[in-house]
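Architecture and fold: a report
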Amino acid sequence: MTWAPANPLWLTGAVAVWLALWALNIGLSRRATRAARVAVPLLFGAALVLLWEGIVRAYQVQAVILPAPSVIARTFAGSTAMLWADFVQTVVKGALSGFVIGVAAAFAVAILIDRSPFLQRGLLPVGNFVAALPIVGLAPILVMWFGFDWQSKAAVVVVMVFFPVLINLVAGLQASERMQRDLMATWGAGYWQSMLKLRLPAAMPFIFNGLKIATTLALIGAIVAEFFGSPIVGMGFRISAEVGRLGLDVVWAEIVVAALAGSVLYGAIALVERWVTFWHPSQRH
Amino acid sequence: MRNAFPIFTVLCAILAIWYAGSVWMNSTWVFDQATRNGQTVTWGQVIPLTMAQDRPLLPPPHQVAENLWKGIAGQAVTSKRSLVYHGFVTFRGTMAGFALGIVFGVGMAMAIVRFRVMDQSVMPWAIISQTIPIVALAPMILTVSNQIGIETKEVPKAVISAYLSFFPVLVSMVKGLRAPDHMQLDLLKTYGASEGQTFWKLRLPASLPYFFASLKVAVAAALIGTIVGELPSGAIEGLGARMLIGSQFGEPLIMWAALFAAAILAGLLIVLVGLVERLANRRMGVGA
């Protein structure tokens, strides 16, 4: 590869558009309107894609190194059926079911820990340590136990999601103040009443923090587990298979699916968070 | 120290559950063998047999410990079977990615705090970048770097691990560099301090506690990134590659030993970063 582009027009065009959009962004970022705040990142993303397209065309980069966005878009549009099947296998069956089970288990254990100070002192440091371990390493073992289909992927996701959610939950349940808890006690509230009316709502910012971390971990777990064996469908399977065949446009299409799935999951949780914890300072703009 | 007894109890409980689990899971194999040979076995005979299989479904703790010990102390450190050797390869990758992630994260945070347009255009994409599961990118990063003539596996591994570790640093540094309040900034303005002086004398020192707090998260993320980077690469070195080899050849003991070696490495890294943090805090006069 030489530094002189084969199609200089594409390069100058892309760079010119990039500079123009950047100048526009500088102007827009000075305004504090809501529209500007949405437009600036969108323009930045568009400029990035344009620059990518321009560089690939200008230098005629081979498709086995970096396919142009237009090629990826065409592949994406042309193989939606396959991408949908992979999405259902990995995200819906593997990641989401594991996510739900893992979060439910974390809730159950958090309540247990909460009721016993002894467990709190014993299990919490251990949980904190385990949360920092590379749990992805369990993937090959769980694939061996639960077989190649989505059950093993869900199992990996359960283990990966469990600890971050648990730690945040336990921290959250301690977030209500002594005064508030005493007030509940003077009203004669039982454990579950004060849990539902005071402590769970107070814990919500922590819970959502844990859930947000867990969404990305869930996708990582589901995809990594497929590297260790899977049926012939699924995003992780498709990626490793197509990389072997140098079909990088398909790989990028899967990455787009993964990015969309990750962003939508994260966005959904952030939306629910805004709706549930409207009272928290970080939500008041 | 008052937590020592509860922690000890919990660890014992985990060991007990583990033993029970390995008896339960490995017994199916023993019973299968027995029926194949036309024998009946009692539980008293089964339990010792579940403790010492070559390919157990769930190896009991002492078998894992034995294998781990063999991998760490039983080999020359340079041997391909030594977990110290593989652990060092992973450690090297983690440190490269960690360093790259810190440089990238701090640099981006500085730009974001300085320029409003950077804040508005880059920050949302930095958040989105973390919702993309990097593991989807990992195999491709490996092949592409191979295609453009980077022969060593170190570079793609470091890129993957930097991708995971830059984000916590970035978020904390943005918060930290913005930590000085208006009074302090105004004071420096009345001193006639230039922008560079404000940065070096106020913003940077104010951000250090945030920086060190983020390092613990970042180093754990860097280790995960390195291990993931070793998985699909057909690599033969590193703890991730050991796990893959164990999985492909159906040798659970190799997998478990590599897994625990990775856990030990993670523990060491966190302790190390914690030490650096404490040293820096003492130097900065935080706490005792």
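Values in this document were obtained by computation on a predicted structure and should not be read as measured data.

The next thing to look at is the overall build of chain A. Summing up its helical and strand segments, chain A has 11 helices and 0 strands in all. Helices and strands appear in chain A in the N-to-C order α-α-α-α-α-α-α-α-α-α-α. In terms of overall dimensions, chain A is more spread out than a globule: its C-alpha atoms have a radius of gyration of 24 Å, far above the 19 Å expected for 285 residues. Expressed as lengths along the three principal axes of its C-alpha atoms, the size of chain A is roughly 80 × 55 × 30 Å. Relative to its full complement of 285 residues, chain A shows a buried share of 45%. Look at the contacts in chain A between residues 6 or more apart in sequence, and 73% of them connect residues 24 or more apart. With an accessible surface of roughly 14100 Å², chain A has 71% of that area assigned to carbon and sulfur atoms. Of note, chain A has its 19 positive side-chain charges centred 10 Å away from the centre of its 11 negative side-chain charges.

Helix and strand counts for chain B stand at 11 helices and 0 strands. The secondary structure elements of chain B, listed N-terminal to C-terminal, are α-α-α-α-α-α-α-α-α-α-α. Since a compact globule built from 288 residues should have a radius of gyration of about 19 Å, the 25 Å found for chain B marks it as more spread out than a globular shape. The buried share of chain B, reckoned over its 288 residues, is 49%.

With that settled, the discussion passes to the interface of chain A and chain B. Of the residues lining the interface, 50 residues belong to chain A; the matching set on chain B comes to 55 residues. Regarding the contact of chain A and chain B, the summed buried area is about 4600 Å², with carbon and sulfur atoms giving 82% of it. The largest contributions to the chain A side of the interface with chain B come from Arg 121, Pro 134 and Trp 145 of chain A, which together make up 13% of the buried area. Linking chain A to chain B there are 0 salt bridges. Here chain A is connected to chain B by 1 residue pair in polar contact (both at pLDDT 80 or more). Take the side of chain A that touches chain B: its biggest share by element is 9 residues, from helix α11 (residues 248-276) of chain A.

Turning to the nonpolar core, a few remarks are in order. Within soluble globular proteins, side chains that are nonpolar generally end up buried alongside one another. In this structure, Val 224 of chain A together with Met 140 and Leu 170 of chain B are the most contacted members of the largest nonpolar core, which totals 129 residues. Examining the composition of this core, we find that 16 residues originate from one element, helix α9 (residues 191-227) of chain A, more than from any other. With sequence-adjacent residues up to four places away left out, Leu 170 of chain B is seen in contact with Gly 105, Met 108, Ala 109, Ile 112, Met 123 and Ala 126 of chain B.

Bringing helix α4 (residues 83-114) of chain B into the picture now. For α4 of chain B, built from 32 residues, the straight-helix expectation of 46 Å at 1.5 Å per residue is met to within 8% by its first-to-last C-alpha distance of 45 Å. The N-cap of α4 of chain B, judged by a side-chain oxygen 3.1 Å from the amide nitrogen of Val 84 of chain B a few residues on, is Ser 82 of chain B.

All names here are of chain B. Along its sequence, chain B is carved into domain 1 (4-57) and domain 2 (83-284). For domain 1 versus domain 2, the distance between C-alpha centres works out to 40 Å. Taken together, the two surfaces of domain 1 and domain 2 that pack against each other cover about 430 Å², and 58% of this comes from carbon and sulfur. Of all residues in domain 1, the largest losses of buried area upon contact with domain 2 belong to Trp 18, Arg 55 and Pro 56, amounting jointly to 77% of the total for that side. Our count for the domain 1 to domain 2 interface comes out at 0 salt bridges. In this assembly, domain 1 and domain 2 are joined by 0 residue pairs in polar contact (both at pLDDT 80 or more).

The predicted model of chain A has a mean per-residue pLDDT of 83, with 97% of residues at 70 or higher. Per-element averaging of pLDDT across chain A places helix α1 (residues 8-30) of chain A at the bottom with 79 and helix α4 (residues 80-115) of chain A at the top with 89.

Bring the parts together and some accessible area is lost; that lost area is often taken as the interface size. When cut into domains, chain A gives domain 1 (8-61) and domain 2 (77-283). Averaged C-alpha coordinates put domain 1 of chain A and domain 2 of chain A at centres separated by 35 Å.

We now examine the environment of Pro 117 of chain A. All names here are of chain A. Inspection of the secondary structure assignment puts Pro 117 in helix α5 (residues 117-131). Given a relative accessible area of 55%, Pro 117 falls into the exposed group. The sequence separation of Pro 117 and Val 224 amounts to 107 residues, and the corresponding C-alpha distance is 36 Å.

Turning next to the pattern of salt bridges. Following the criterion strictly, the structure yields 9 salt bridges over all chains and no others. Here Asp 114 of chain A makes a salt bridge to Arg 199 of chain A, at a shortest N to O gap of 2.7 Å. Of this pair, Asp 114 of chain A sits in helix α4 while Arg 199 of chain A sits in helix α9, and the two are 85 residues apart along the sequence. Side by side, Asp 114 of chain A and Arg 199 of chain A carry an identical accessibility label, which is buried. Salt-bridge contacts for Glu 277 of chain B lead to Lys 216 of chain B; the nearest nitrogen and oxygen are separated by 3.6 Å. Note that Glu 277 of chain B is positioned in helix α11 (residues 252-284) and Lys 216 of chain B in helix α9 (residues 195-230), a separation of 61 residues in sequence.

Okay, the packing of helix α6 (residues 139-146) of chain A against α11 of chain B next. Taken N-terminus to C-terminus, the directions of α6 of chain A and α11 of chain B make an angle of 145°; their axes are 9 Å apart at the nearest point. Judged by residue contacts, Pro 140, Ile 141, Met 144 and Trp 145 of chain A of α6 of chain A engage Pro 252, Met 255, Trp 256 and Leu 259 of chain B from α11 of chain B. Residue classes in the contact of α6 of chain A with α11 of chain B are distributed as 8 nonpolar, no polar and no charged.

Here we come to the packing of aromatic side chains. Under the defined criterion, the tally for this structure stands at 13 aromatic pairs over all chains. Between the aromatic rings of Phe 162 of chain A and Phe 163 of chain A, the centroid separation amounts to 5.0 Å while the plane-to-plane angle is 85°, which identifies the pairing as edge-to-face. For the pair Phe 162 of chain A and Phe 163 of chain A, one class covers both residues: buried. Their ring planes at 35° and their centres at 5.9 Å tell us that Trp 18 of chain B and Trp 256 of chain B sit as a pair that is tilted.

To continue, consider a nonpolar patch on the surface. Taken together, the side chains of Ile 72, Val 84, Ile 264 and Leu 268 of chain B present a nonpolar region at the surface, about 310 Å² in accessible area. For Leu 268 of chain B, the location among the structural elements is in helix α11.

Reading the values: the criteria
- Residues numbered from 1 in each chain as written.
- Chains lettered and ligands numbered in written order.
- Predicted model: local features only at pLDDT ≥ 70, side-chain atom pairs only at ≥ 80, totals over all residues.
- Heavy atoms only, no water.
- Helix = DSSP H or I, 4+ residues; strand = E, 2+ residues; numbered from the N terminus.
- Rg over C-alpha atoms; globule rule 2.2 N^0.38 Å.
- Buried < 20%, exposed > 50% of the residue type's maximum accessible area, 1.4 Å probe, protein only.
- Contact = heavy atoms within 4.5 Å.
- Areas by Shrake-Rupley, 256 points an atom, 1.4 Å probe, with all protein chains shown as cover.
- Lys, Arg positive; Asp, Glu negative; His and termini not counted.
- Charge placed at Lys NZ, Arg CZ, Asp CG, Glu CD.
- Buried area = accessible area lost by both parts, 1.4 Å probe.
- Salt bridge = Lys/Arg side-chain N within 4 Å of Asp/Glu carboxyl O.
- Polar contact = N/O pair within 3.5 Å; in protein donor to acceptor, adjacent residues only side chain to side chain.
- Core = buried A, V, L, I, M, F, W, Y, C linked by side-chain atoms within 4.5 Å.
- Expected span 1.5 Å × (residues − 1).
- Domains from an automatic or database assignment.
- pLDDT = per-residue confidence, 0-100.
- Axes fitted to C-alpha atoms, helices over the stretch in contact; angles between N-to-C directions.
- Nonpolar A, V, L, I, M, F, W, Y, C, P; charged D, E, K, R; others polar.
- Phe/Tyr/Trp six-rings, centres within 6.5 Å; stacked < 30°, edge-to-face > 60°.
- Patch = residues over 30% accessible without salt bridge, like charges linked within 9 Å, V, L, I, M, F, W, Y side chains within 5 Å.

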